[in-house]
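Inside the fold
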Amino acid sequence: MSYSNNKILDITNLYVRCGSVQILKGINFSIGSGETHAIMGPNGSGKSTLSKVIAGHPSYMIDSGNIEFEGKSIINLEPDDRAKQGIFLGFQYPVEIPGVTNADFLRLSYNSIKAEKSEKQLDPLEFFELVNNKIDFIGMNSSFLTRNVNEGFSGGEKKKNEILQMALLEPKLAILDETDSGLDIDALKIISNAINQLKNSNNSIILITHYKRLLDYILVPDFVHVMQKGKIIMTGDYNLVAKLEKYGYEWLSN
């Protein structure tokens with residue numbers, strides 16, 4: 001399905017398994033530059049699998065189908081190469097990286113992207129100035145930079161750290177997998193506001209969520225997709241979210 005003449009991501013007839021279990025069963029999905037799409041669905045429907053497959057997670061095997069990013073197939077690219085192309089995945093459960101400070105991790109990630117674009121890389125002092133400007137509007141304390149990546153972080157701190165990475169790397173496509181999971185209302189508002197500020201006509205966002213409350217704070221999505229049993233079974237506009245909130249997912253099967 002196509003929503004824009006300027007497609008940044010185009011997935012066609014995608015079948016994916018993990019081990020012997022078929023998870024995605026014929027996904028067709030595309031997103032245009034500047035668009036925001038929400039993907040909803042019950043647990044086990046394949047939402048997180050789809051996000052990880054786009055990012056290149058090695059645990060999943062593509063049986064058939066294709067994923068094109070900016071008109072070129074990426075199914076044979078390593079995850080870091082996809083990131084360098086401009087794909088960012090905000091994890092549902094961000095991992096801890098003991099022994100690596102946030103400052104080092106973020107600067108190496110930032111410079112890796114810049115090197116790919118043949119743009120200026122930053123030394124530690126230059127980067128410190130840049131990252132401090134980004135930290136302010138996400139509501140983080142600069143002490144986060146000296147802590148190991150996500151180690152000992154609360155759920156809200158981990159999610160803020162993901163959005164900080166997004167702010168620094170400026171991806172063309174950001175996939176946010178249940179960014180609202182485990183957040184209290186204050187943290188949700190802060191993160192939603194940051195995402196709104198990062199959104200522009202040159203980037204695209206895929207929001208994976210169970211709940212309407214995230215979409216109440218983030219820019220209204222252009223399209224809402226419902227996944228069930230490894231397939232996209234319905235696509236609509238924001239009004240579809242209200243129906244899901246009222247009736248749940250059972251009515252889609254009737």
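Residues numbered from 1 in each chain as written. Predicted model: local features only at pLDDT ≥ 70, side-chain atom pairs only at ≥ 80, totals over all residues. Heavy atoms only, no water.

Next up on the list: the sheet that holds strand β2 (residues 21–32). Spatially, four strands are ordered β2-β1-β4-β5 in an open sheet, and the strand pairing comes out antiparallel. Whereas interior strands pair on both sides, the edge strands pair on one side only; in this sheet they are β2 and β5 (72–73). Here strand β4 (residues 61–69) pairs with β5 via two bridges, running antiparallel. Each bridged residue has a counterpart across the sheet, and for phenylalanine 69 the counterpart in β5 is lysine 72. Where helix α1 (residues 47–55) meets the sheet, its contacts fall on β1 (7–18), β2 and β4, and the angle it forms with β1 comes to roughly 115°. (Pairing = 2+ DSSP bridges. Helix = DSSP H or I, 4+ residues; strand = E, 2+ residues; numbered from the N terminus. Contact = heavy atoms within 4.5 Å. Axes fitted to C-alpha atoms, helices over the stretch in contact; angles between N-to-C directions.)

Quick look at the environment of lysine 47 now. Position of lysine 47 relative to the elements: it lies in helix α1. The class for lysine 47 is buried, based on a relative accessible area of 5%. Note: C-alpha distance between lysine 47 and methionine 227 (180 residues apart in sequence) is 6.8 Å. When near neighbours in sequence (up to four residues on either side) are disregarded, lysine 47 contacts Ile39, Met40, Gly41, Pro42, Glu178, Ile208, Thr209, His210 and Met227. (Buried < 20%, exposed > 50% of the residue type's maximum accessible area, 1.4 Å probe, protein only.)

Taken together, the buried positions of helix α8 (residues 239–247) are occupied by Leu240, Val241 and Leu244. Projected down its long axis, α8 carries its buried residues within an arc of 105°, all on one side. Facing away from the buried side of α8, by more than 90 degrees, are the exposed residues Asn239, Glu245 and Lys246. Where α8 is buried, its residues meet β3 (36–40), α7 (212–217), β11 (223–228) and β12 (231–236). Positioned one or two residues after α8, glycine 248 has a phi angle of 75°, which is positive. (Arc of directions from axis to C-beta.)

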